[in-house]
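Residue-level structural notes
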Amino acid sequence: MNKSNFNWALIQSFLAAMEHGSLMGAARATGVSQPTLGRHIAELESQLNLLLFERTGRGLQATSHAVALAESARAMYAGAADFSRLALGAGQSVQGSVRLSASQPMAFHLLPPILARMRQALPQVTVELVVSNSVSNLLLREADIALRMVRPEQSSLVAQQIGQVRVRAFASNDYLLRRGTPQVLEDLALHDLIAGDTNTEIQQGFEAVGLPVSALRFGLRTDDMNVQWAAVRAGLGIGFMGEYPLESDPSITALLPMNALPGLPVWLTVHRELRTSARIRAVYDFLAAEVGQALQFGSIPCRDGLTSA
């Protein structure tokens, strides 16, 4: 390999392919097209003179060479990201782009009015919103700030719990007119339910309170939260999510006290070194205050300052 000609930008494509196991998944995560990612992998293999991935019908299978190189590649990429973060922090002007990651329900129901107010408060800041139910990797700069329902485990990330989302059952008024309104949790066994497919947190919550999934009837199972909400609005059945969408649609009614199901903590997360950027810090502080206030019903009081993850 000619070190002077090595294209270090290929490392990101390599790591994305390792993490997601397919060009399609890597493309979704990086925003780079599948053909470009394929060319990056082929170019890296050519420069290293190694086969890194076996192409199969199910995606990309990492070879032993790829597995051996992955740790060094991650360290290399993290070093480049550290350099970039320090460079960004050198400028203290509150202007430029901030990349924010949030789940579908939060991005659709909760964030728009908050982002509108932030646009007035921080007019020189442009928000790049990454809408995904998966946990964005802040270490690889897929996002600068993330709103998560789980506390991050990486030592280089810091997080603040800014509130808690209380899970509620929802149904359209038309559905309730047709099928009746459940009065107790056990009544849900008489209704069509809408819940996750591979994400089974709601089903596990029912199991935990003695309502076995085998006793429930699901009219739709999908992990897409926007589709779940649209199905509730269409009268397909009873769905479950945080209660903040309720005010946005008078045709939807919240049902039952859902105290038996645990609330979902909301964590605002950022890379430790990004706190030195005035731009990132301004957006972080604004979101901590505004999202925390929006979640004030059932929320947990915020702790002052950033706490280590």
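To start, this report covers the structure provided alongside it. Bear in mind the structure is a predicted one, so any value in this text is a computation, not a measurement.

Turning our eyes to something else, we now look at empty space enclosed by the protein. Left-over empty space is what a probe sized like a water molecule reveals as it rolls over the atoms. Going through the model one piece at a time under the given rule, you end up with two cavities of 30 Å³ or more. By volume, the second largest cavity amounts to about 30 Å³. Lining the second largest cavity are Phe-170, Gln-228, Trp-229, Val-232, Gly-239, Phe-240 and Met-241. Listing elements by their share of the lining of the second largest cavity, those giving two or more residues are helix H8 (225-233) and strand E10 (238-242). Along the lines of polarity and charge, the residues of the lining of the second largest cavity split into five nonpolar, two polar and no charged.

The side chains of a regular strand alternate between the sheet's two faces. On strand E5 (residues 145-148), burial covers both faces: Ile-145 and Leu-147 on one face and Ala-146 and Arg-148 on the other are all buried. Bridge analysis of strand E3 (residues 96-102) against E5 gives two bridges, and the strand direction is parallel. Note on E5: the bridge partner recorded for Ser-101 is Ala-146. Where E5 meets strand E12 (residues 264-271), four bridges bridge the pair, whose relative direction is antiparallel. Following the sheet pairing, Arg-148 is matched in E12 by Trp-267.

What follows deals with helix H5 (residues 104-121). One turn of the α-helix equals 3.6 residues, which is why residues spaced by three or four share an orientation. The terminal C-alpha atoms of H5, which comprises 18 residues, lie 24 Å apart, in line with the 26 Å expected from a rise of 1.5 Å per residue. Of all the bends in H5, the largest measures some 60° and sits at Leu-111, one to four residues before the proline Pro-112.

A word on the pattern of salt bridges. Tallying each qualifying case throughout the model produces six salt bridges. Notably, a salt bridge pairs Arg-217 with Asp-192, separated by 3.0 Å at the nearest N-O pair. Of this pair, Arg-217 sits in strand E9 (residues 217-221) while Asp-192 is found in strand E8 (residues 192-195), placing the two residues 25 residues apart along the sequence. What makes Arg-217 partly exposed here is its relative accessible area of 40%. Here Asp-192 falls in the buried class, since its relative accessible area comes to 19%. Residue Arg-281 is joined to Asp-285 by a salt bridge in which the shortest nitrogen-to-oxygen separation is 3.0 Å. Taken together, the residues span about one helical turn, with Arg-281 and Asp-285 both in helix H9 (residues 278-294) at a distance of four residues. You can call Asp-285 partly exposed: its relative accessible area is 37%. Connected through salt bridges with shared partners, the residues Arg-179, Asp-192 and Arg-217 form a single ionic network.

Each value, and the rule that gives it
Per chain, residue numbering runs from 1 following the sequence as it is written. The predicted origin of the model limits local features to residues at a pLDDT of at least 70 and limits the giving and counting of side-chain atom pairs to 80 or more, whereas totals for whole chains, interfaces and linings rest on all residues. Side-chain measures were taken over the full set of non-hydrogen atoms in the model, leaving aside hydrogen atoms and water. Only protein atoms enter the calculation, which uses a 1 Å grid: trapped sets of points that fit a 1.4 Å probe without letting it out are cavities, open sets showing protein on both sides within 12 Å along at least five of seven lines are pockets, and any residue with an atom within 4 Å of a point is a lining residue. Grid points are joined across faces, edges and corners, and a volume is the space filled by probe spheres set on the points. Where helices and strands are cited, they refer to DSSP runs of H or I of at least four residues and of E of at least two residues respectively, numbered from the N terminus. For this scheme, ten residues count as nonpolar: Ala, Val, Leu, Ile, Met, Phe, Trp, Tyr, Cys and Pro. Four count as charged, namely Asp, Glu, Lys and Arg, and the remainder, Gly too, count as polar. Burial classes: relative accessible area under 20% of the type maximum marks a residue as buried, over 50% as exposed, and values in between as partly exposed (1.4 Å probe, protein chains only). A pair of strands is treated as paired once DSSP finds two or more bridges between them. Each helix should span, by expectation, one fewer than its residue count multiplied by 1.5 Å. To obtain the bend at a residue, axes are fitted to the seven residues ending there and to the seven starting there, and the angle between these axes is taken. Put simply, a salt bridge is a Lys or Arg side-chain nitrogen that is within 4 Å of an Asp or Glu carboxyl oxygen.

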